[in-house]
Amino acid sequence: MSDELDPTIAALLHETVNSTGPEISDESNNYGEKQFEAKMAEHFKSESDTNTGIKTDEIREVDLSITHFDKSTFEKKFLDEPSPVFDDPNYYKACLTGEGESSQRLHQILVKYLNCQDKNDKTVYRQQIVNAYWEFLRTLSQKIGSPSFSDCKKMAFRFGVVLPSLFSPEQKTFFAKSIPNNNTGEPVLYMDEWIKEIVKGRMKLSTTDEVPTKSKGPQADQQRIMALKSKNSGKLQSAENLVNIRESERRNLEIEIQERVKFLCEHEEILGLQPHRATYTDLQKKAFSEITNRFHELQKIDRELNNYLRELKDAKEIESNLDAKSTAEAFNEPSVGKDEILSEMNTIRQMAKMTCGRQGNQFPIMTREFFHCMDIGTGFRENVLQELEWIESIDPECFCRIHRGVSHRIVPYVLLVPTYGDNGFCWEPFDRFNRVTSRGRIVIPMYPRDLKIACLMAVGDLRWQVAKEKASFDWMSDGLTGRYYQYLEENKMKGDIKQFFIDDYILWITKEANGTQKLPKEVRDIFWRYMPFTQERKDELKMRSLVYLELCKKDYNRSISDGY
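Please read all numbers here as calculations on a predicted model, not as lab measurements.

S.K.: I would appreciate a short explanation of the overall build of the chain in the present structure.
M.R.: When helices and strands are counted, the chain shows 18 helices and 6 strands. Within the chain, buried positions represent 46% of all 564 residues. Looking at the chain alone, contacts between residues at least 24 apart form 78% of all its contacts between residues at least 6 apart. For the chain, the exposed surface amounts to about 30,400 Å²; the carbon and sulfur share of it is 49%.

In structure tokens form, the structure reads like this:
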């Protein structure tokens, strides 16, 4: 965007340049506005009519039986017809009106910025806009659960769109075609959806390094109940999953026993001695020991199943008690108050800064001056899900955590922040009260230079933090992090260990997975063992190079040496 002010912007701002803040006239019943409102209503009605099956905007609870993303839910990336929301002639006024001093300050600084010709002054105004805009979002966040929260305000929160004239025509079209509702059921959330989940109490506040202050009253009681429910949820889901696994094993063994008993009862007639039948054959005699072994396995499974059922019963009783207390407390006062919402907004601002880095562009408003993404490279929900599905197809254990020898696939919460940053990252690997089945939290910028790399950085960071937490005090000597740390020490490499790992993880997924050898031999060995590809990809790679063939031989040697 050049320094010369766009005529459409100048005309729009001219109306309010001398006012104390944006205002909307009470007399808004002119013919053009009526037409626009009717068009909006018709658009969202047609979108809801085409929606079948999945409840929109609802996130599935963690389901340990789901093993992969359902590609059909995000196959459609854009609406067939663009939403008319950005065509509202009063969009700018409707967006800023009613938000008090924060909107007035943002308006005044934005007018100065857009009219400024001096580059030095413009830099100062840009920095002032950053603070003013986040203060404006803090004000908006307290109203986000209200039915009267307009689509203009939602777009300002979700995409940073305050002034549609700052779009290019092409950008305006594909943003207007973005799918507004979460039809996927996956925990990938825009910023407004994230805050709404917090407000409704379906998500806990993001953890910070700050020491929490001990609050009193109904809110504090509700928060303690939520923490207990989160902790018990891990036990409940883990116990139920283990019960399902043991019941499946028991069912398979019982079928095998039935088949062998049936085989034992089959005797051929003896020629010349009819109706007498032959004795057990050698194969049938062998079945005796096989049946005995399976009975022993059944006894072992039955003991374990009995323990898991007891754990499941206890967890269900605790859940029932906590639900009853939670319902009683809910009548007293909302579970999330103003302070909690503002605290989460402060945390999200820190997340936004981290996506940009210290020297990155932190300008928070959507403008063609800084936005250079293609439609498929913009961090819309469906595009991000496609990238995560691609990563998981190469690294099938990237969202898995091991508990009691059982792998649990748990997709983390994904926050999409409308920033011009390039860095995706993991904010927390899991809930500290529920390390077993809680979702972690990763953050991905919506307007990066390369969306694929931003997603890889976030998943690589998640991989590192989960492995480090699993190893606990032994993270420098045990497992994935221990082996990688030792490699860096042996090669006297200094710097940010986690960043080294993330950079190598990106090469592992983008290059090594396709047979292009870019990693040092030691790193390739570590990743091959602790972050393995699918067996199909391994079989393809071993046909391409002796390097991968040797790694497959190591896999085989480890498999036959298990238990020794």
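S.K.: I would appreciate a short explanation of the packing of helix H12 (residues 381-394) against helix H13 (residues 451-471) in the present structure.
M.R.: Two measures define how a pair of helices packs: the angle their axes make with one another and the distance between the axes. Look at H12 against H13: their axes get within 10 Å of each other, and the N-to-C directions meet at 60°. Accordingly, the angle class assigned to the pair H12 and H13 is oblique. Both H12 and H13 take part in a crossing whose hand is right-handed. Along its contact with H12, which presents Asn383, Val384, Glu387, Leu388, Trp390 and Ile391, the element H13 presents Leu451, Lys452, Cys455, Leu456 and Val459.

S.K.: Help me understand the environment of Lys452 in this model?
M.R.: If you trace the backbone, Lys452 turns up in helix H13. If near-sequence neighbours (up to four positions away) are discounted, Lys452 is found in contact with Glu387 and Trp390.

S.K.: Looking at this structure, I do not really get the state of the cysteines. What am I missing?
M.R.: What is meant by a disulfide is a covalent connection between two cysteines, made through their sulfur atoms. On inspection of all chains with the given rule, the structure shows 0 disulfides. The structure places no disulfide on Cys95, whose sulfur is separated from the nearest cysteine sulfur, that of Cys152, by 6.6 Å. By relative accessible area, which is 0% here, Cys95 ends up buried.

S.K.: Would you mind showing me how to read the pairing of strand S4 (residues 413-417) here?
M.R.: A regular strand carries its side chains on alternate faces of the sheet. In terms of burial, S4 is largely enclosed, as 5 of its 5 residues are buried. What you see with S4 is no split at all: Tyr413, Leu415 and Val417 on one side and Val414 and Leu416 on the other are buried throughout. Across 3 bridges, the pairing between strand S1 (residues 188-190) and S4 is parallel. Paired with Tyr190 across the bridge in S4 is Leu416.

S.K.: Is there a simple way to think about the pattern of salt bridges in this case?
M.R.: Side chains that differ in sign of charge can pair as their charged atoms come close. Throughout the structure, instances matching the rule amount to 31 salt bridges. Notably, a salt bridge pairs Glu99 with Lys143, separated by 3.1 Å at the nearest N-O pair. Here Glu99 is found in the loop between helix H3 (91-96) and helix H4 (100-115), whereas its partner Lys143 is found in the loop between helix H5 (119-141) and helix H6 (151-159), with 44 residues between them in sequence. Look at the salt bridges and you will find they share partners, linking Arg158, Asp192, Glu193 and Arg381 into a network.

S.K.: When you look at the sheet that holds S4 in this model, what are you seeing that I'm missing?
M.R.: Spatially, 4 strands are ordered S1-S4-S6-S5 in an open sheet, and the strand pairing comes out mixed. Each edge of the sheet is formed by a strand with only one pairing partner; in this case those strands are S1 and strand S5 (425-428). Strand after strand, the sheet turns through a mean of 30° between neighbouring axes, direction not considered. Relative to the sheet, helix H8 (residues 191-199) contacts S1, S4 and strand S6 (441-445), its axis offset from that of S1 by approximately 100°. Against the sheet, helix H11 (residues 338-356) engages S4, S5 and S6, with an angle of about 155° to S5.

S.K.: Where do I start with the packing of H6 against H8 in this structure?
M.R.: Between H6 and H8, whose axes approach to 7 Å, the crossing angle comes to 100°. The pairing of H6 with H8 is recorded here as roughly perpendicular in orientation. Across from Lys154, Phe157 and Arg158 in H6, the residues of H8 making contact are Met191, Asp192, Glu193 and Ile195. Taken together, the residues that form the contact of H6 with H8 break down as 3 nonpolar, no polar and 4 charged.

S.K.: Where do I start with H6 in this structure?
M.R.: In an α-helix there are 3.6 residues to a turn, and that puts residues three or four apart on one side. A large share of H6 lies buried, amounting to 7 of its 9 residues. For H6, every residue scored as buried is listed here: Cys152, Lys153, Met155, Ala156, Phe157, Arg158 and Phe159. Where the residues of H6 are buried, they touch H3, H5, helix H7 (169-176), S1, H8 and H11. Backbone geometry just downstream of H6 places Gly160 in the positive-phi region, at approximately 75°.

S.K.: Please clarify how the confidence of the model for the chain should be interpreted in this entry.
M.R.: Close inspection of predicted coordinates is inappropriate in any region flagged by low pLDDT. Per-chain confidence: the chain averages 84 in pLDDT, with 84% of residues scoring 70 or above. Confidence drops under pLDDT 50 across residues 14-34; counting only partners more than four residues distant or on other chains, this segment forms 22 contacts. In the model, residues 44-54 has pLDDT below 50 throughout and makes 7 contacts with residues more than four positions away in sequence or in other chains.

S.K.: I'm lost on the environment of Lys229 in this one. Help?
M.R.: With respect to the helices and strands, Lys229 occurs in helix H9 (residues 218-264). Residues Lys229 and Asn321, 92 residues apart in the sequence, show an inter-C-alpha distance of 9.8 Å.

S.K.: Please explain the nonpolar core as it appears in this structure.
M.R.: Across soluble globular proteins, nonpolar side chains show a tendency to be buried alongside one another. Among the nonpolar cores identified, the biggest contains 116 residues, and Phe175, Ile348 and Phe527 are the most heavily contacted of them. If you tally residues by element for this core, the top one is H13, at 11 residues. For Phe175, the residues in contact, after removing those within four places along its chain, are Phe86, Phe159, Phe167, Met366, Phe371, Thr378, Phe380 and Tyr447. In terms of nonpolar packing, the next biggest core, distinct from the first, is built from 9 residues, Leu242, Val243, Ala315 and Val406 among them.

S.K.: Help me out: how do you make sense of the pairing of strand S3 (residues 406-409) in this one?
M.R.: Examined bridge by bridge, strand S2 (residues 400-403) and S3 share 4 bridges and lie antiparallel to one another. By the bridge assignment for S3, His403 is matched with Val406. Taken together, S2 and the strand that follows it, S3, pair antiparallel across an intervening segment of 2 residues, in which Arg404 is found at a positive phi of about 55°.

S.K.: Any chance you could explain unusual backbone geometry here in plain terms?
M.R.: With glycine set apart, most residues show a phi of negative sign, and most peptide bonds adopt trans. Across the junction of Gln274 and Pro275, the peptide omega takes the value 10°, indicating a cis bond. When you line up the elements, Pro275 lands in the loop between H9 and helix H10 (282-330). In this model, Arg404 sits at a positive phi of 55°, which is unusual for a non-glycine residue. Structurally, Arg404 can be placed in the loop between S2 and S3. Despite not being glycine, Ser472 shows a phi value in the positive range, around 60°. In this structure, Ser472 sits in the loop between H13 and helix H14 (479-490).

About the criteria used
- Residues numbered from 1 in each chain as written.
- Predicted model: local features only at pLDDT ≥ 70, side-chain atom pairs only at ≥ 80, totals over all residues.
- Heavy atoms only, no water.
- Helix = DSSP H or I, 4+ residues; strand = E, 2+ residues; numbered from the N terminus.
- Buried < 20%, exposed > 50% of the residue type's maximum accessible area, 1.4 Å probe, protein only.
- Contact = heavy atoms within 4.5 Å.
- Areas by Shrake-Rupley, 256 points an atom, 1.4 Å probe, with all protein chains shown as cover.
- Axes fitted to C-alpha atoms, helices over the stretch in contact; angles between N-to-C directions.
- Parallel < 35°, antiparallel > 145°, perpendicular 65-115°, else oblique.
- Left-handed = near helix turned anticlockwise from the far one by under 90°.
- Disulfide = S-S within 2.5 Å.
- Pairing = 2+ DSSP bridges.
- Salt bridge = Lys/Arg side-chain N within 4 Å of Asp/Glu carboxyl O.
- Nonpolar A, V, L, I, M, F, W, Y, C, P; charged D, E, K, R; others polar.
- pLDDT = per-residue confidence, 0-100.
- Core = buried A, V, L, I, M, F, W, Y, C linked by side-chain atoms within 4.5 Å.

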